[in-house]
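These are the residues of each chain, in order.
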Amino acid sequence: CSRDEGAPQTDVASGESGAEAAVSEAAADPVAEAAMLEGDGSEWRVRGGGYDEQYFSPLTQINKENVGELGLAWVSDMDSTRGLEATPIVVDGVIYVTSTWSRVFAFDAVSGETLWSYDPKVPRGIGRMLCCDVVNRGVAVHDGNVFFGTLDGRLISLDAETGKPAWIVDTIEDPDRPYTLTGAPRVINGRVVIGNSGADRGVRGYVTAYDAKTGEEDWRFWIVPEGPDAAPENEDVAAALETWPDDPIWKGKGGGTAWDAMAFDPELNLLYIGTGNGGSWKRQRPNDKTDNLYVSSIVAVDADTGKLAWHYQTTPGDMWDYTATNSIILADMEVDGKQRKVLFQAPKNGFFYLLDRETGELLGADKYGVANWASHVDMKTGRPVLTEQANFFKEDQLVYPNPNGAHDWQAMSFNPQTGLAYIPALDVPWVQSTKPGFRYFYDIGVPARHLERMTAGQPEVEKGGFLKAWDVANREIKWKIPLSTTWNSGALTTASNLLFHASGDGYFSAYDAETGERLLHLFTGNSAMAAPVTYMADGVQYVALLAGYGGSGMITIGDDAAVKTYENTGRLLVFKLGGGEIPTPKKRETPLGPAPQNASLPPLGEDKLAAASELYLNCAGCHSTGGGTPMLPNLSRVPELGKDTFRSILLEGALVPRGMPNFGDELTQEDVDLLYEYISRGRHNVPVDNARWY
Ligand SMILES: O=C(O)c1cc(C(=O)O)c2c(n1)C(=O)C(=O)c1cc(C(=O)O)[nH]c1-2
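Report on the accompanying structure. Everything numeric here is computed off the predicted structure, so don't read it as measured data.

### Concerning empty space enclosed by the protein
Scanning the model with the defined rule gives seven cavities of 30 Å³ or more in all. Each pocket or cavity is described by its volume, and for the largest cavity that value is around 130 Å³. Around the largest cavity sit 20 residues that line it, and Val-46, Arg-47, Tyr-51, Arg-186 and Val-187 are the ones nearest its centre. If you list the elements that add at least two residues to the lining of the largest cavity, you get strand 7 (140–142), strand 11 (186–188) and strand 15 (262–265). When grouped by side-chain class, the residues that make up the lining of the largest cavity number 14 nonpolar, two polar and four charged. In this model, the second largest cavity occupies a volume close to 50 Å³.

### Things to note about the nonpolar core
If you look at the biggest cluster of nonpolar residues, it comprises 58 residues, and the most contacted ones within it are Tyr-96, Val-146, Phe-500, Phe-508, Tyr-535, Leu-572 and Phe-575. Ranked by residue count, the leading element in this core is strand 36 (residues 540–547), at six residues. Those residues within four positions of Phe-575 in sequence are excluded, and the remaining contacts are Leu-70, Gly-71, Leu-72, Ala-73, Phe-508, Leu-522, Thr-524, Gln-541, Tyr-542, Val-543, Leu-545 and Ile-582. Counting residues in hydrophobic clusters, the runner-up holds 28 residues, among them Val-207, Phe-221, Tyr-294 and Val-299.

### A short note on the environment of Asp-265
Among the structural elements, Asp-265 can be located in strand 15. Exposure remark for Asp-265: the relative accessible area of 3% places this residue in the buried category. Between the alpha carbons of Asp-265 and Asp-52 there is a distance of 7.0 Å; along the sequence they are 213 residues apart. Here Arg-357 takes part through its side chain, which lies 2.7 Å from a polar atom of the side chain of Asp-265.

### Points about the environment of Tyr-55
Within the secondary structure layout, Tyr-55 lies in the loop between helix 2 (30–38) and strand 1 (56–57). Each C-alpha atom, one on Tyr-55 and one on Thr-534, is 9.5 Å from the other, the two residues being 479 residues apart in sequence. Apart from the residues lying within four places of it in its own chain, the contact partners of Tyr-55 are Trp-44, Arg-47, Gly-48, Thr-87, Ala-411, Met-412, Ser-413, Ala-491, Leu-492, Thr-493, Ala-531 and Pro-532. Among the polar contacts made by the side chain of Tyr-55, one reaches the side chain of Arg-47 at a distance of 3.0 Å.

### Some points on the state of the cysteines
With the rule as written, the count across this model stands at one disulfide. Between Cys-131 and Cys-132 runs a disulfide, and the two sulfur atoms are separated by 2.2 Å. As the torsion about the S-S bond is roughly -100°, the Cys-131-Cys-132 disulfide counts as left-handed. A relative accessible area of 21% places Cys-132 in the partly exposed class.

### Concerning the packing of helix 5 (residues 606–623) against helix 8 (residues 669–680)
Where helix 5 contacts helix 8, the two axes come as close as 9 Å, and the packing angle between them is 95°. Judged by the inter-axis angle, helix 5 sits roughly perpendicular to helix 8. Packed against helix 5, whose contacting residues are Lys-608, Leu-609, Ala-611, Ala-612, Ser-613, Leu-615, Tyr-616 and Cys-619, the element helix 8 presents Asp-671, Leu-674, Leu-675, Tyr-678 and Ile-679 at the interface. When the residues that make up the contact of helix 5 with helix 8 are grouped by side-chain class, the tally is 10 nonpolar, one polar and two charged.

### Notes on the site of the ligand
Near the ligand, the surroundings consist of 21 residues, among which Glu-85, Thr-182, Ser-197, Gly-198 and Lys-348 are the closest. At 3.3 Å from an oxygen atom of the ligand is found a side-chain nitrogen or oxygen belonging to Asn-277. Asp-408 is positioned such that a nitrogen or oxygen atom in its side chain is 2.8 Å from an oxygen atom of the ligand. Out of a free accessible area of 470 Å², the ligand has 97% covered by protein chains. Taken together, the residues of the shell around the ligand sort by class into eight nonpolar, seven polar and six charged.

### Details of the sheet that holds strand 34 (residues 518–523)
To summarise the sheet geometry, strands pair through backbone hydrogen bonds and adopt either a parallel or an antiparallel arrangement. Taken together, five strands build an open sheet; the order of strands is 1-31-32-33-34 and the sheet is mixed. The open sheet terminates on both sides in strands that have one partner only, identified here as strand 1 and strand 34. Here strand 1 runs beside strand 31 (residues 491–494); their pairing, made up of two bridges, is parallel. Each bridged residue has a counterpart across the sheet, and for Ser-57 the counterpart in strand 31 is Thr-494.

The rules we used
- Residues numbered from 1 in each chain as written.
- Predicted model: local features only at pLDDT ≥ 70, side-chain atom pairs only at ≥ 80, totals over all residues.
- Heavy atoms only, no water.
- 1 Å grid on protein atoms, 1.4 Å probe; cavity = no way out; pocket = protein on both sides within 12 Å on 5 of 7 lines; lining within 4 Å.
- Points joined across faces, edges and corners; volume = space filled by probe spheres on them.
- Helix = DSSP H or I, 4+ residues; strand = E, 2+ residues; numbered from the N terminus.
- Nonpolar A, V, L, I, M, F, W, Y, C, P; charged D, E, K, R; others polar.
- Core = buried A, V, L, I, M, F, W, Y, C linked by side-chain atoms within 4.5 Å.
- Buried < 20%, exposed > 50% of the residue type's maximum accessible area, 1.4 Å probe, protein only.
- Contact = heavy atoms within 4.5 Å.
- Polar contact = N/O pair within 3.5 Å; in protein donor to acceptor, adjacent residues only side chain to side chain.
- Disulfide = S-S within 2.5 Å.
- Axes fitted to C-alpha atoms, helices over the stretch in contact; angles between N-to-C directions.
- Parallel < 35°, antiparallel > 145°, perpendicular 65-115°, else oblique.
- Near = heavy atom within 4 Å.
- Areas by Shrake-Rupley, 256 points an atom, 1.4 Å probe, with all protein chains shown as cover.
- Pairing = 2+ DSSP bridges.

As structure tokens, this is what we get:
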């Protein structure tokens, strides 16, 4: 990690009335504050449209009859060709949104004019530490300030009007550990709450609350213990420690990082946090005996103290990257004849969980996707009943879901009128293996094989990407829409019973939220991942979509993805009734796909080829195989650069300023020369065994 480059400064202003006074003042009436933030829906002030994270808007100007008339109001270039994941936040006529490399933009919500932008100058070498692209999931806006996290772990408060920093704090506990940060902060009771990322590389996850006025740290919730020999910080950590093995190997690396979902109930004053996978997917945590709390869990903490109220672990002793960081939605509804305050989640593991959010009582756990790692959840114990496929140590098993889950971070939405939750879902298997593979994972090999080969002879399931409507109270799928790509956008639903969604094939669509009938199908030419939002300005309802493909879908896009034909030009697209034509991004000069191998060079020989393809796994995590990814340069141009330049890129970091990390500490010159020969022969264009997830 090159944290020394452009190192974060701590610049904590001392608030006039002191941290405590500021926090308690803002917390005076959390219920009234939550109602104010949700308002009448004309703004989109908090991430999910409200603290309940429903991604539901009460706006009705756009309805089933007129939605077909949507066209472009304005479009803004996000200066990015990689993944864009932010939910736009709309306050006082301004849209605040983040781009790649944790940059923030403020646009006039009506004209699209750029009001200001802020670049925190994240050290570009950090790309190597990230599991899933140089993404950011957006800002929080509160009381005249814009808060956001940076890839290198800073939390920054900007003046909402000018974009100038008010304070900057470093949220990273230990700069020598491979922490990163991609999630959006939430402002709750006058505190800015933020988690972090890096579980796959071995960090100890935590969530911290800072005073919104001053940046002073107020409380921290440790998701996992430090290690078997370390004194627990408090009784919640002590309780968690009981569920970990007495083996120093997981020390400091337990994982559980909270990198996306949070929701808040102001009446109960409980903050709900979704936690991530274990720091090692296997081996180091003998999970047959230990649950590894609070990994892959929903934890409810007191919003003023960070003290645990209850927890529910969706995947005890997780070994499959089955994070529970996915959307957590709060609603009040009748379940089995009883009115309940519920919370629900469709985490990666394929089960839809319905909980009483006051107590954590499990009310339902039902498969919403294909999941063969567990047969069912025992409603008495709340635990999944594992199948043979769950055995990590048995080679070549086809497991559903894969590590992108049956649903990843893309926002699920909930319409209280239809009672349906809309899940951007995928049913795609993978093959887990303990053989060495991607070196990216700090201690394990998790290669995958070709889906076609591995699924031969397996029972047929309908694989692919879907938009699924889940009846929350009745605990069943109502309908699902098949999509031609597996990696698609978050969902938005409105009081007109509309459902908005964008797919990887470049279409922005609206559906009847009751039936799933498609009412709008607009070609934008952009593959999108982030959730659309809606707002009103000067009596006009707008729908905004941030579009730019990447994230962990970067190496797994389907053949129909628009980014194969069009440039992955990051854009904020804003629609209104009677709007205009949508200009598509520029077409690629050569559509992406496997390029020919170079037959003019002598073959490498079996041993060298095997060694080179193993080395290439270092590259494949981002650059993929079979012709490269749409987000990063196609390595077929490497021979044009020549061997010396290739060496200087990999061993000296010549392209670090452009986001290509330096591998000088890991690869030798001999390795690099071998890679050069491999790529020069076009071998990286051959989709090799073990080099793709699916
Ligand atoms: O364990 C982690 O800390 C962590 C972090 C992130 C991230 O910060 O983006 C992702 C994941 N895990 C992950 O498991 C995952 O599927 C994922 C997808 C994406 C994305 O942006 O598309 N990020 C992440």
